[in-house]
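Structure at a glance
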Amino acid sequence: HFGIIEGFMKNLSLSAALGGVSIELEKMSESIENMSGFEDKELRKVRAYIKGYYAHNSQEDFFREFEIMATESAFEFSYRNQRFSGRIDALLRRKTTGEVILYELKTTSSNVSDPDHPYWSRLNMDTQLAIYNQYVKSSVGRHPRVMYEVIMTSQARPKKNETPKQYEERLT
C-alpha cells in the first residue's frame, strides 16, 4: 500500500502526497538493482491510486471525525511466549466517542463490489488482523473496532503509444 494513505492521514495536500511518493520511490530505486521499467509504470499506478483515494475521501470530514494516533506504525510485542511484529496502516480515535479504530487498507485485483464475494468472508479469518488486534489491546487496554478500506487494483498495462501521464490518467 506504498504511499496510498500515509500522506492523507498526515493531512498532506494531494500534491505533497504525490511528491512524497516520487521521492520514496527514487530512494528505493537507488537500493534495488534493475529498477528500469518499474519506475514509470508502477509510479504511475501508485499516483493514480493516491489520486483516487483523495477523490473518494474528504480530509475535512475525516479529520472532523477522527484523531490519528499512528500511521504506518511498526510494532513488536510478545503474546503467550511468542514474538510478533507488524506494521499497522493507521490507528484512529473517534473524537465523539473515544473509540479506538484499527484502520487497514487492503488491495486486491478481484472485483469485490459484490458483498457476497468470497474475499469478504476471508477477512473474518485474517491472522494478520488477529495479531494487530491483540497488539492494540496490549497497547491501549481494549480491543479496537476494525475499519477496512479495500482498493481494487488495476491489471491494466500501458497501451501502445500511450504516454506515462496518459496511463496514469486512465487508471485514475
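Model, not experiment: these values are computed from the prediction.

Describing the confidence of the model for the protein
Per-residue confidence for the protein averages 83 on the pLDDT scale, and 87% of its residues sit at or above 70. Averaged over each element, pLDDT in the protein is lowest for helix α2 (residues 14-31) (71) and highest for strand β2 (residues 82-94) (94).

Quick look at helix α6 (residues 127-140)
The first and last C-alpha atoms of α6 sit 20 Å apart over 14 residues, in line with the 20 Å expected at 1.5 Å per residue. Burial in α6 covers these residues: Leu129, Tyr132, Asn133, Gln134, Tyr135 and Val136. Contacts from the buried residues of α6 go to β1 (66-79), β2, β3 (100-108) and β4 (145-152). Put simply, Asp126 is the residue that caps the front of α6, since its side-chain oxygen is 3.0 Å from the backbone nitrogen of Gln128.

What to know about the packing of aromatic side chains
Summed over all chains, the structure comprises 12 aromatic pairs. Centroid distance Phe8 to Tyr53: 5.1 Å. Interplanar angle 85°. Geometry classified as edge-to-face. Of this pair, Phe8 sits in helix α1 (residues 6-9) while Tyr53 sits in helix α3 (residues 38-56), placing them 45 residues apart in sequence. By relative accessible area, Phe8 is classed as buried at 0%. With a centroid separation of 5.4 Å and 80° between ring planes, the pair formed by Phe62 and Phe63 is classed as edge-to-face. Residue class for Phe62 comes out buried when judged on its relative accessible area of 11%. The rings of Phe8, Tyr53, Tyr54, Phe62, Phe63 and Phe66 are connected pair by pair, giving a single aromatic cluster.

Thresholds, definitions, all that
Residues numbered from 1 in each chain as written. Predicted model: local features only at pLDDT ≥ 70, side-chain atom pairs only at ≥ 80, totals over all residues. Heavy atoms only, no water. pLDDT = per-residue confidence, 0-100. Helix = DSSP H or I, 4+ residues; strand = E, 2+ residues; numbered from the N terminus. Expected span 1.5 Å × (residues − 1). Buried < 20%, exposed > 50% of the residue type's maximum accessible area, 1.4 Å probe, protein only. Contact = heavy atoms within 4.5 Å. Polar contact = N/O pair within 3.5 Å; in protein donor to acceptor, adjacent residues only side chain to side chain. Phe/Tyr/Trp six-rings, centres within 6.5 Å; stacked < 30°, edge-to-face > 60°.

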